[in-house]
Each structure stands twice: as structure tokens, then as C-alpha cells.
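Each chain is listed here by its residues.
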Amino acid sequence: MGTEHSKNEQRSSMVFLRKGPKLPAWEDALLAGKEPKSLLKRGLRYVSLSLIMKGMTSTPDFLWGLPEVQKLNLSRNQLVVIPPSLGKLDRLVVLNLGGNCLKCLPKEIGLLRNLKVLFVNMNCLTEVPAELSLCRKLEVLSLSHNRISQLPLSFTDLTSLRKLNLSNNHFVQIPLCIFALRNLDFLHLGSNRLESIAESVQYLVNLQIFIVENNNIRSLPRSLCFITTLELLNVDYNAIQTLPDDLFLLQRLQRIAWNPMDKGLHIAHNPLSRPLPEVIEAGLDVLFNYLREKKEHN
């Protein structure tokens, strides 16, 4: 019996030794003895890797040894830092870092010269690295739900940018660099601390959707009326009392919109002076006719 007991003890020790250092549960489940490359999904256009909702507090080292990955999803984890090694993934086209605890981005993000889509929404960013402007192919950028109050002037170099979401941040004014982004067709600055919209907004000649709801904007600039490409203008929940007479030039708005998803003019919950509330209640055509006649008589 003594001999059998000794054998069992030895067997238990060997099992314990074989286990070695324990991997985090998510990494152990993902790899399970497999090569990291086996996690890649090879589609018709992109090589992708999704590590969404894995409970990660740090990025796994094996990630930086996968330079072929083009779409990377690290969203909805608890990541605090993205290391400089991110720059090694220079084939990335789509990067999703949304829903983490990031306070900054590494300057090496500027090495991602093929990047077209970047989500860093719902984090704790207070600033954006100037190096991001080196990603000249960037077309879609979401920085919503952070603590950002300004953007680097070098953002003027992001000339391919079409969609920019800066909602739910700490902007007091629209950063001047944005007015240089002539290809923007979507701009969301809702739920910030804006008090005005600069006349320079007229330079956004391709803008189709402009959202500045839930700010403290007191008036709309006349130059806004010259962006005749606008199909959705949302100024709900502001402090607007009057409207520019030339607003009728925005013929693509088509209707007074009440549903957040609808195109048209959203202007609810503003302290508009009379008779504007009654005119708006009658519809957009009535509003435009009223403003047109008002301008002719001035």
C-alpha cells in the first residue's frame, strides 16, 4: 500500500508540473493548444480577428505576431493601454477599440497607413495623438463618449475622412481643423458644450448629415444655409430662439423630423420666439415660405 500511495503522489506532482503557469481564462479558451494564426478568419476581402468581450485587461502578446490581420476587433473589454506594438499591424484596414478604458492612444497608431475605419468610442480619452493624422486613408472615425475637448491641428491632413463622430465629449467649440475636411458627409457633435457654430461651417460642402443636438447653441449661422447638400440637420435640445432667413435654401431637408432616425430638420426643444413654433407645427414648406417672405420684406 505504501508503494501504491507513493505512485499516486508522484503522479499528482507530474500533473501539477505539466500545468505550468496558468493562462488567463479567455486566452486559455481561445488558444487551447492551437497556434494563434488559427484564430484568424480569412474572408474574400479581409483577414480578420475578433476578441470582443473576452474580459481582457491587457492585449495578448501573440497579437503582435499576426501582421497579416486587416480587421481587428478588441471592443468591449477592459483594456487600459494599447502598447506601441500596435504599429506592427501595418496592414490593418479596420480597428475597433470601442468600449474599453483607454486614456490615450499610442503615437505608433500613425504607422497604420492602410487604416480606413477606426472606432475608439466609449473610452476615457482626453486627447488624440497628432500622429493619427498620418493615417491618410482614414474614412470613418468615431471618438464619441470620451472626454476630449480639442483636436490636433494636424487633423487637417485627414482629407479622406467622410464620417466623424465626436458626440458626448467636452468640446466648447467646433475644432477649426474640422472645417478643412471637405469630404465629410457625416458630422456628429451632439451632447457636447457648444455655444455656437462658426461661419466656417460653410466649407463642409459635401456634408449631408449634421448633428449638434443637446448643446447650448443660441443661434445658427447664415453660412450654414449654403450647405445645400444637407439632408439631415439636428439641432434639437439647444437654446435657439431665431432662425436664419436663408434656411429655405436647404431644399434637401424635405420635412420637419421628429424621429431621431429620420432625415429632415430636427428643431424640437428650443425656446423659439413666436410665431416660429406655430409655423414649424404646420410643416417645413410653411416654415420655408415664411422665411422666404420675411427675407423679401427685409
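Scroll up a little and you will see the structure.
A brief report on the enclosed structure follows. If you're wondering where the values come from, they're calculated on a predicted model, not measured in any experiment. (Residues numbered from 1 in each chain as written. Predicted model: local features only at pLDDT ≥ 70, side-chain atom pairs only at ≥ 80, totals over all residues. Heavy atoms only, no water.)

**Points about helix 4 (residues 284-297)**
In step 1: Its 14 residues give helix 4 an end-to-end C-alpha distance of 20 Å, which sits within 8% of 20 Å, the value for a rise of 1.5 Å per residue.
In step 2: Of all the positions in helix 4, only Leu284, Leu287, Phe288 and Leu291 are classed as buried. With its buried residues spanning 95° around the axis, helix 4 presents them on a single face. Turned more than 90 degrees from where helix 4 packs its buried face, Asp285, Glu296 and His297 sit exposed. (Helix = DSSP H or I, 4+ residues; strand = E, 2+ residues; numbered from the N terminus. Expected span 1.5 Å × (residues − 1). Buried < 20%, exposed > 50% of the residue type's maximum accessible area, 1.4 Å probe, protein only. Arc of directions from axis to C-beta.)

**Comments concerning the nonpolar core**
In step 1: Of all hydrophobic cores here, the largest spans 83 residues; its most connected members are Leu151, Phe210, Leu243 and Leu287.
In step 2: Breaking this core down by element, the ones donating at least two residues are strand 2 (47-50), helix 3 (276-281) and helix 4.
In step 3: Per-element tally for this core: the top contributor is helix 4, with four residues. (Core = buried A, V, L, I, M, F, W, Y, C linked by side-chain atoms within 4.5 Å.)

**Comments concerning the sheet that holds strand 8 (residues 186-188)**
In step 1: One open sheet accounts for 11 strands, arranged 1-2-3-4-5-6-7-8-9-10-11; its pairing is mixed. Only two strands of the sheet have a single neighbouring strand rather than two, namely strand 1 (41-42) and strand 11 (264-266).
In step 2: As paired strands, strand 2 and strand 3 (residues 71-73) are joined by three bridges and run parallel to one another. Looking across to strand 3, one finds that Leu49 is bridged to Leu72. (Pairing = 2+ DSSP bridges.)

**A word on the state of the cysteines**
In step 1: Evaluation of the coordinates by the stated rule reveals zero disulfides.
In step 2: Note on Cys124: no disulfide assigned, nearest cysteine sulfur contributed by Cys101 at a separation of 5.7 Å.
In step 3: Residue Cys124 is classed as buried on the basis of its relative accessible area, which comes to 18%. (Disulfide = S-S within 2.5 Å.)

**So, the pattern of salt bridges**
In step 1: A complete count under the given rule lists 12 salt bridges for this structure.
In step 2: In this structure, the salt-bridge partner of Asp157 is Arg136, at a minimum N-O distance of 3.7 Å. Here Asp157, found in the loop between strand 6 (140-142) and strand 7 (163-165), pairs with Arg136, found in the loop between strand 5 (117-119) and strand 6; they are 21 residues apart in sequence, far enough to count as distant.
In step 3: A relative accessible area of 41% means that Arg136 is categorised as partly exposed.
In step 4: Glu231 is the partner of Lys263 in a salt bridge, and the nearest nitrogen-oxygen pair spans 2.7 Å. In this pair, Lys263 sits in the loop between strand 10 (232-234) and strand 11 while Glu231 sits in the loop between strand 9 (209-211) and strand 10, placing the two residues 32 residues apart along the sequence.
In step 5: Lys263 sits in the partly exposed class, given a relative accessible area of 41%. (Salt bridge = Lys/Arg side-chain N within 4 Å of Asp/Glu carboxyl O.)

**Things to note about unusual backbone geometry**
Most peptide bonds take the trans form, and the phi angle of most residues other than glycine is negative.
In step 1: Across the junction of Arg274 and Pro275, the peptide omega takes the value 10°, indicating a cis bond.
In step 2: Within the fold, Pro275 resides in the loop between strand 11 and helix 3.
In step 3: Backbone geometry at Gln254 places phi at a positive 70°, although glycine is not the residue there.
In step 4: Positionally, Gln254 belongs in the loop between strand 10 and strand 11.

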